[in-house]
Amino acid sequence: MKHFLMFFVALMSFSLATAQVKVEQFSSKKLNETRDIQLYIPEGYSEEKVYPIIVVLDAHYLFESVVANTRFYSYWDEMPESIVVGINQYKTEDREKDVAYDDDNGLPKDKGNQFFEFIGMELIPFVEKNYNTANFKMIIGHDLTANFANYYLLKEAPLFDAYINLSPSFAPKMEERIAKRLEEFEKKKFYYLATAEEDTKKSATKIRAFNATLKNLKNENIFYYYDDFTEANHNSLAVQAIPRAMSQIFSMYRPISVKEYKEKILNLTTSPYLYLNDKYETIKNLFGFEKRVTVNDFMAIYSAVRRDEKNTEDLKLLAKLGKKEYPDTALFHFFMGEYYEKTEAPKKALRMYQNGFSMNPIDFITKDLMLDKADKLKQDFGW
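Anyway, here's the lowdown on the structure attached to this text. Quick caveat: nothing in here was measured; it's all calculated off a predicted structure.

### Some thoughts on the overall build of the protein chain
If you tally the helices and strands in the protein chain, you get 15 helices and eight strands. For the protein chain, the proportion of its 383 residues judged to be buried stands at 52%. Carbon and sulfur atoms provide 50% of the accessible area of the protein chain, an area that totals close to 18800 Å². One finds the centroid of the 52 positive side-chain charges in the protein chain at a distance of 3 Å from the centroid of its 57 negative side-chain charges.

Written as structure tokens, this is what we have:
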């Protein structure tokens, strides 16, 4: 735990030193007041890309952790670059008004209703108007604000696709409402729940009981994750839960790992290329945008294809995909060259390798490799 906290502090300091964080004075008609908003825009922001939105409640103490982890995971291509918008809620009494609910029915009341509309009708539209955003949205809250975040889940058309609940303090009837709603979804949603060994007794008891209910969810459209941390309390669990939640929610987005390759791809009974295609189609469906196929994933699938002659046609499919994703490189020519070799068309293979020599190298596919492949074909066939 000590080492983890040291790592986190270093990570957060690095983030604060380099991140593009703006502090906005947001004038809200719904709240009839001005609120402090923190906004993180990825350093490489481009008008040609789209970015998921992550809304952080209790941003006065959670925002920096979320930004640090967003930057860390996106740097390693384990989640998409994202826009993070945080709502500061400094004073206890103001925070409680923001998330106020009726003690009888457990639904937002008074300023809680206004705060609900402020996020959905003012804050999110503001971000979408000023930046290129993806359809995917996430919300993060802690105890009372975690409970509040779930009100969006109850809407007929939920505003958010992913919900990170850090030791939520549930309103009356909230657990039953959430469990019922999660069974109804026909579109993919992510739901993360966390407590800790030293969490407040009341919260921990309710959260563990709720987890026992959610473990029995039968809706395949719901990706549910749960953590119960040792050596953490009600507040410190956030340090561990935020990276855990992000890692799990964006697990499909990550490049193919050694574990995935060994446990899934090598045991396929279908085409490795089909696995790759399905992976990226799932990413598109889950997160609302197309991800460029990584070189890592090209090479993982290529390695699997080479292991079985029945997958030869996958080389042609990989070649066409390579031409689309990396048109200035030798990827297309290399895969097509191997395809023609395996289908006994050596002259076509030779032309591919020769043409590939003038293209940019990529990964292990260098000019020297293309030249060697061409020279070997000439020697084998006496040309």
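Once you've had a look at it, read on.
### Observations regarding the side chain of S167
Mapped onto the elements of the fold, S167 is located in the loop between β6 (162–166) and α6 (174–184). Only 2.9 Å separates the side chain of S167 from the side chain of H234, close enough to count as a polar contact. Apart from residues lying up to four places away in sequence, S167 is in contact with H142, D143, A194, D199, S203, I207, H234 and L237.

### What about the pattern of salt bridges?
Two side chains of opposite charge can pair, provided their charged atoms sit close to one another. Evaluation of the coordinates by the stated rule reveals 24 salt bridges. Among the salt bridges present, the one from D77 reaches K291, with a minimum N-O distance of 3.3 Å. Here K291 lies in the loop between α10 (272–287) and α11 (295–306) and D77 lies in the loop between α2 (59–75) and β4 (83–87), a separation of 214 residues in the sequence. Overall, D77 belongs to the partly exposed group, its relative accessible area being 22%. Exposure remark for K291: the relative accessible area of 9% places this residue in the buried category. Among the ionic pairs, E128 bridges to K137, the shortest N-O distance being 3.2 Å. Among the charged side chains, a network of salt bridges with common partners joins E33, R35, D98 and K111.

### Section: the packing of aromatic side chains
In the structure shown here, the tally under the stated rule is 33 aromatic pairs. Centre to centre, the rings of F148 and Y151 are 5.8 Å apart; their planes meet at 80°, and the pair counts as edge-to-face. Of this pair, F148 and Y151 both sit in helix α5 (residues 144–153), three residues apart, which is roughly one turn of the helix. Exposure remark for F148: the relative accessible area of 0% places this residue in the buried category. Taken together, the aromatic side chains of F26, F115, F116, F118, F126, F148, Y151, Y152, F160, Y163, Y191 and Y224 make up a single cluster linked through ring pairs. A cation over a ring is seen here: R181 above F185, with NZ or CZ 4.1 Å from the ring centre.

### Some details on the pairing of strand β8 (residues 222–233)
Relative to β8, strand β7 (residues 189–198) runs parallel, the two sharing nine bridges. By the bridge assignment, A196 is partnered in β8 with F229. Handedness of the crossover is the feature at issue here: the chain leaves β7, passes through helix α7 (residues 201–214), returns alongside β8, and the resulting connection is right-handed.

### Some thoughts on α2
Look at α2: 22 Å from first C-alpha to last across 17 residues, which is about the 24 Å you get at 1.5 Å a residue. Burial within α2 is extensive, with 12 of its 17 residues counted as buried. Those residues of α2 not exposed but buried are A59, L62, F63, S65, V66, V67, A68, N69, T70, R71, Y73 and S74. Two residues or fewer past α2, D77 is found with a positive phi of approximately 60°.

### Focus on the packing of α11 against helix α13 (residues 331–342)
Remark: α11 packs on α13, axes separated minimally by 13 Å, with the N-to-C direction vectors making an angle of 5°. With respect to α13, the element α11 is oriented roughly parallel. Between α11 and α13, the residues in contact are F298, M299, Y302 and R306 and L331, F334, F335 and E338, respectively. When its residues are assigned to classes, the contact of α11 with α13 shows six nonpolar, no polar and two charged.

### Remarks on α10
Taking 1.5 Å of rise per residue, the 16 residues of α10 would be expected to cover 22 Å, and the 23 Å separating its terminal C-alpha atoms lies within 8% of that figure. By the burial criterion, the buried members of α10 are P272, Y273, Y275, L276, K279, Y280, I283, L286 and F287. Projected onto a plane normal to the axis of α10, the buried residues spread over an arc of 170° and lie on a single side. Between the side-chain oxygen of the N-cap and the backbone nitrogen of Y273 there are 3.1 Å, and the N-cap of α10 in question is S271. Positive backbone phi, at 80°, marks G288, one or two positions downstream of α10.

### Looking at unusual backbone geometry
The phi angle at D110 is positive, at roughly 50°, despite the residue not being glycine. Structurally, D110 is set in the loop between α3 (92–98) and α4 (111–130).

### Some thoughts on the packing of α10 against α11
Where α10 contacts α11, the two axes come as close as 9 Å, and the packing angle between them is 155°. When the axis of α10 is compared with that of α11, the two are roughly antiparallel. Seen from α10, the contacting residues are P272, Y273, Y275, L276, K279 and Y280; seen from α11, they are D297, I301, A304 and V305. Along the lines of polarity and charge, the residues of the contact of α10 with α11 split into eight nonpolar, no polar and two charged.

### Overview of the environment of L153
In this structure, L153 sits in helix α5. On a C-alpha basis, the gap between L153 and N267 in space is 37 Å, while along the polypeptide they are 114 residues apart. Not counting the four nearest positions on each side in its chain, L153 is found in contact with P158, Y163, I178, R181, L182, F185 and Y191.

### A short note on the sheet that holds strand β2 (residues 33–41)
Strand order in the open sheet made by the eight strands is β1-β2-β4-β3-β5-β6-β7-β8, with mixed pairing throughout. At either margin of the open sheet sits one strand with a lone partner, and together these are β1 (20–28) and β8. Direction aside, neighbouring strands of the sheet carry axes that sit 20° apart on average. Alignment of β2 against β4, held across four bridges, turns out to be antiparallel. When the sheet's bridge partners are listed, Y40 is paired in β4 with V84. Sheet strands in contact with α4 are β1, β2, β3 (51–56), β4 and β5 (133–142), and its direction is about 150° off that of β4.

What counts, and where the lines are drawn
- Residues numbered from 1 in each chain as written.
- Predicted model: local features only at pLDDT ≥ 70, side-chain atom pairs only at ≥ 80, totals over all residues.
- Heavy atoms only, no water.
- Helix = DSSP H or I, 4+ residues; strand = E, 2+ residues; numbered from the N terminus.
- Buried < 20%, exposed > 50% of the residue type's maximum accessible area, 1.4 Å probe, protein only.
- Areas by Shrake-Rupley, 256 points an atom, 1.4 Å probe, with all protein chains shown as cover.
- Lys, Arg positive; Asp, Glu negative; His and termini not counted.
- Charge placed at Lys NZ, Arg CZ, Asp CG, Glu CD.
- Polar contact = N/O pair within 3.5 Å; in protein donor to acceptor, adjacent residues only side chain to side chain.
- Contact = heavy atoms within 4.5 Å.
- Salt bridge = Lys/Arg side-chain N within 4 Å of Asp/Glu carboxyl O.
- Phe/Tyr/Trp six-rings, centres within 6.5 Å; stacked < 30°, edge-to-face > 60°.
- Lys NZ or Arg CZ within 6 Å of the ring centre and 35° of its normal.
- Pairing = 2+ DSSP bridges.
- Right-handed = clockwise from strand over helix to strand, strands pointing away.
- Expected span 1.5 Å × (residues − 1).
- Axes fitted to C-alpha atoms, helices over the stretch in contact; angles between N-to-C directions.
- Parallel < 35°, antiparallel > 145°, perpendicular 65-115°, else oblique.
- Nonpolar A, V, L, I, M, F, W, Y, C, P; charged D, E, K, R; others polar.
- Arc of directions from axis to C-beta.

The values are spatial; any link to function lies outside them.
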